[in-house]
Amino acid sequence: MYEVTSDNRLKSLIVVGDRVLIRPKSPSERTNSGLYLPATVTEREQVQSGYVIKVGPGYPIPVAAEDEPWKETEEKVKYMPLQSKEGDVAIYLQRNAIDLEYDGQKYVIVPQSSILMLERSEDLFD
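Residues numbered from 1 in each chain as written. Predicted model: local features only at pLDDT ≥ 70, side-chain atom pairs only at ≥ 80, totals over all residues. Heavy atoms only, no water.

**Structural notes on the pairing of strand β6 (residues 98-102)**
Then, in step 1: Pairing of β6 with strand β7 (residues 105-111), which is carried by five bridges, proceeds in the antiparallel orientation. Bridged to aspartate 99 within β7 is valine 108.
Then, in step 2: Hairpin geometry of β6 and β7 is characterised by an intervening segment of two residues between the two adjacent antiparallel strands and by a positive phi of about 55 degrees at aspartate 103. (Pairing = 2+ DSSP bridges. Helix = DSSP H or I, 4+ residues; strand = E, 2+ residues; numbered from the N terminus.)

Right under this line is the structure:
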């Protein structure tokens, strides 16, 4: 079980824009027929799955201009939120993923557009 809690460093990470931080599920080492696969084969499959750990704020939405554009106003950015939520299981395209390692754990960062499907459930972290 690995989640974002107050005592781990994942809480301090900020995911930017329309990106999603995913902890990949460990791939199966064997095929259905019983053949053992090397790690290079299972890591390079086109479609992978994993747990959504953190989600960015979403797509920025332009703010409508007021009728007096010469007035100085504070720019407030609004975002259209993403469909992904922390704890979802995501099926995503590996070719758009950026691999990284943080605190000894492997993660990938993918744009929302690379996520093909989400599964939402209560006890995903087993």
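**Considering a nonpolar patch on the surface**
Then, in step 1: Together, Val47, Leu116 and Met117 make up a nonpolar patch on the protein surface, roughly 290 Å² of accessible area in all.
Then, in step 2: Relative to the helices and strands, methionine 117 is located in strand β8 (residues 115-119).
Then, in step 3: Accessibility expressed as a relative area gives 51% for methionine 117, which makes it exposed. (Patch = residues over 30% accessible without salt bridge, like charges linked within 9 Å, V, L, I, M, F, W, Y side chains within 5 Å. Areas by Shrake-Rupley, 256 points an atom, 1.4 Å probe, with all protein chains shown as cover. Salt bridge = Lys/Arg side-chain N within 4 Å of Asp/Glu carboxyl O. Buried < 20%, exposed > 50% of the residue type's maximum accessible area, 1.4 Å probe, protein only.)

**So, the pairing of strand β5 (residues 89-93)**
Then, in step 1: Judged by how many residues are buried, β5 sits mostly within the fold: four of five residues are covered.
Then, in step 2: In the sheet, strand β2 (residues 47-55) pairs with β5 via five bridges, with the strands oriented antiparallel. Within β5, the position partnered with valine 47 by the bridge is leucine 93.
Then, in step 3: Of the pairings in the sheet, the one linking β5 to β8 comprises four bridges and is antiparallel in character. From the neighbouring strand, alanine 90 faces β8, where its bridge partner is leucine 118.

**Description of the nonpolar core**
Then, in step 1: Counting 10 residues, the largest nonpolar core is built from Val20, Ile22, Val52, Leu82, Ala90, Tyr92, Ala97, Val108, Val110 and Ile115.
Then, in step 2: Contributing elements (two or more residues each) for this core: β1 (19-24), β5 and β7.
Then, in step 3: Ignoring sequence-local partners within four residues, the contact set of valine 20 consists of Val15, Val52, Lys54, Val55, Leu82, Ser84, Val108, Ile109, Val110, Gln112 and Ile115. (Core = buried A, V, L, I, M, F, W, Y, C linked by side-chain atoms within 4.5 Å. Contact = heavy atoms within 4.5 Å.)

**Remarks on the pattern of salt bridges**
Then, in step 1: In total, this model carries two salt bridges according to the counting rule given.
Then, in step 2: The closest approach of N and O atoms between arginine 19 and aspartate 18, which form a salt bridge, is 4.0 Å.
Then, in step 3: Assessed through its relative accessible area of 17%, aspartate 18 is described here as buried.
Then, in step 4: Among the salt bridges present, the one from arginine 120 reaches aspartate 88, with a minimum N-O distance of 2.8 Å. On the criterion of sequence distance, the pair formed by arginine 120 in the segment after β8 and aspartate 88 in the loop between β4 (78-80) and β5 is long-range, its members being 32 residues apart.

**A closer look at the environment of arginine 23**
Then, in step 1: Mapped onto the fold, arginine 23 is located in strand β1.
Then, in step 2: By relative accessible area, which is 14% here, arginine 23 ends up buried.

**With respect to the confidence of the model for the chain**
Then, in step 1: Looking at the chain as a whole, the pLDDT averages 79, with 65% of positions reaching at least 70.
Then, in step 2: No element of the chain has a lower mean pLDDT than helix α1 (residues 39-43), which averages 58, and none a higher one than β1, which averages 94. (pLDDT = per-residue confidence, 0-100.)

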